[in-house]
Structures are given as C-alpha cells and as structure tokens.
Amino acid sequence: MQKSKIYTPNDYRNYHYSKNLRELFVNISQYKTLIKWLTKVGLTQQYKKSLLGISWLFLSPIISVVLWVLLQSAGILNPGDTKIPYVAYVFLSQAIWGFFISFYKSISETYTGRGGELLQNSFPHIIIVIEKIIIASINFGIPLILSIIVLLFYGIS
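A brief structural summary. No experiment lies behind these values; they were computed from the predicted model shown. (Residues numbered from 1 in each chain as written. Predicted model: local features only at pLDDT ≥ 70, side-chain atom pairs only at ≥ 80, totals over all residues. Heavy atoms only, no water.)

**Focus on the overall build of the chain**
Along its length, the chain carries 7 helices and 0 strands. By the compact-globule yardstick of 15 Å for 157 residues, the chain is too spread out, its C-alpha radius of gyration being 21 Å. With the C-alpha coordinates aligned to their principal axes, the bounding extent of the chain is approximately 65 × 40 × 25 Å. A buried classification covers 29% of the 157 residues belonging to the chain. In the form shown here, the chain has an accessible surface area of approximately 11,500 Å², with 66% of it arising from carbon and sulfur atoms. Each charge class in the chain can be summarised by its mean position, and for the 14 positive and 6 negative side chains these summaries are 6 Å apart. (Helix = DSSP H or I, 4+ residues; strand = E, 2+ residues; numbered from the N terminus. Rg over C-alpha atoms; globule rule 2.2 N^0.38 Å. Buried < 20%, exposed > 50% of the residue type's maximum accessible area, 1.4 Å probe, protein only. Areas by Shrake-Rupley, 256 points an atom, 1.4 Å probe, with all protein chains shown as cover. Lys, Arg positive; Asp, Glu negative; His and termini not counted. Charge placed at Lys NZ, Arg CZ, Asp CG, Glu CD.)

**Some remarks on the environment of Ser 106**
Mapping Ser 106 onto the fold places it in helix α4 (residues 86–108). The class of Ser 106 is buried, set by a relative accessible area of 16%. A C-alpha to C-alpha distance of 8.5 Å links Ser 106 and Val 129, two positions 23 residues apart in sequence. Of the polar contacts made by the side chain of Ser 106, one reaches the backbone oxygen of Phe 103; its length is 3.2 Å. (Polar contact = N/O pair within 3.5 Å; in protein donor to acceptor, adjacent residues only side chain to side chain.)

**Remarks on the side chain of Glu 131**
When you line up the elements, Glu 131 lands in helix α7 (residues 126–153). Relative accessible area serves as the criterion here: at 0%, Glu 131 is assigned to the buried category. Not counting residues up to four positions away in its chain, the partners in contact with Glu 131 are Leu 38, Thr 39, Gly 42 and Arg 114. (Contact = heavy atoms within 4.5 Å.)

**Brief notes about the packing of α4 against α7**
Two numbers describe how α4 lies on α7: the axes approach to 9 Å, and their chain directions differ by 175°. Put simply, α4 runs roughly antiparallel to α7. Listed contacts from α7 to Ala 88, Phe 91, Leu 92, Ala 95, Ile 96, Phe 99, Ser 102, Phe 103, Ser 106 and Ile 107 of α4 are Val 129, Lys 132, Ile 133, Ala 136, Ser 137, Phe 140, Pro 143, Leu 144, Leu 146, Ser 147, Val 150 and Leu 151. Looking at the contact of α4 with α7, its residues break down into 17 nonpolar, 4 polar and 1 charged. (Axes fitted to C-alpha atoms, helices over the stretch in contact; angles between N-to-C directions. Parallel < 35°, antiparallel > 145°, perpendicular 65-115°, else oblique. Nonpolar A, V, L, I, M, F, W, Y, C, P; charged D, E, K, R; others polar.)

**Looking at the nonpolar core**
Tyr 31, Ile 35, Leu 38, Leu 118, Phe 123, Ile 127, Ile 128 and Ile 130 together form the largest nonpolar core, which totals 8 residues. Among the elements of the structure, α2 (32–46) and α7 are those that each provide at least two residues to this core. For Ile 128, the residues in contact, after removing those within four places along its chain, are Leu 38, Thr 110, Arg 114, Glu 117, Leu 118 and Phe 123. (Core = buried A, V, L, I, M, F, W, Y, C linked by side-chain atoms within 4.5 Å.)

**Things to note about the packing of aromatic side chains**
Applying the stated rule across the entire model yields 4 aromatic pairs. Ring centres of Phe 100 and Tyr 104 lie 6.4 Å apart, and the angle between their planes is 20°; this geometry places the pair in the stacked category. Taken as a pair, Phe 100 and Tyr 104 lie in helix α4 at a separation of 4 residues, close to a single helical turn. Among the residues examined, Phe 100 registers a relative accessible area of 45% and is labelled partly exposed. Grouping aromatic residues by their ring pairs yields a cluster made of Trp 97, Phe 100 and Tyr 104. (Phe/Tyr/Trp six-rings, centres within 6.5 Å; stacked < 30°, edge-to-face > 60°.)

Written out as structure tokens, the structure is:
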C-alpha cells in the first residue's frame with residue numbers, strides 16, 4: 001500500500017530535478033501494468049462509438065493522403081515551385097499539428113475527466129498523464145509513418 005503524501009505550499013522547493021525524475025521512473029516501473037491497461041482502454045474508448053472502430057486510427061491518415069494527392073493531381077493545389085511537394089509538406093505539417101492539439105487537449109482534460117477515479121483509487125496521478133502521453137504518441141505515430149512513406153514516394157530523403 002502506498003503511503004499518503006501531504007502537499008504543502010512551496011513544497012516544490014524541497015525537490016530537485018534528479019529526485020523528481022527518479023520518482024517518475026520508479027512510479028512508471030511500479031505501475032507499468034496499470035499504464036498498459038489504461039492505454040488499451042483509452043485507445044479502444046476513443047473509437048468505441050464509431051462504425052469502423054479502431055481501424056479509423058489507420059484509415060483517417062490514409063484517406064487524408066489520398067484526398068491531398070487527388071487535389072494536387074486535379075490541379076486544385078498548385079502553390080508553385082517548392083523544394084518538396086506541397087502534399088507532403090501539408091501532410092507532415094498536419095500530423096505535427098494534430099499531435100500538438102491531441103497532446104494539449106488530452107493533458108488538459110486529464111484531471112477533469114478522471115477526477116472520480118483519482119479520488120477513489122490510490123496511485124500516483126502522474127500515471128494518468130503518462131497514459132495520455134502514450135495515447136497521443138500512438139495517435140501521432142501512424143500519421144507520421146504514413147507521411148514518411150509519402151515523402152519517400154515523392155523521392156524526398
């Protein structure tokens with residue numbers, strides 16, 4: 001059982017970065033099973049109410065690439081002469097922006113969305129934040145890999 005931690009004003013002054021990092025990695029190693037299950041539940045919960053389910057994680061970036069390629073091949077997108085194809089530039093930028101927005105949104109809603117769970121269970125609150133970081137990274141990884149494939153397809157290294 002975890003001992004209770006009492007927070008006081010200016011408590012942060014007693015901690016050093018190395019102690020905080022050590023405590024973070026200890027919490028991750030102690031609660032890795034909980035992190036794994038929370039991540040699995042979080043990913044499936046994202047796409048639970050959709051028709052295609054978790055396949056949207058892969059279909060959405062593919063549809064986005066196809067649409068941008070069709071728009072450029074139809075001549076609708078012609079920004080002029082650029083070092084890299086405009087489709088690749090837009091898709092990579094869209095993936096990075098999507099990561100930023102999903103990361104910001106999920107972290108900002110962590111305590112409001114899981115307040116009851118945090119009050120009822122005794123585990124470090126950083127575990128919920130780590131779960132959100134993992135989910136945002138997975139949601140970013142698939143479009144990033146697809147954008148790298150698009151860049152390679154256009155011959156950009």
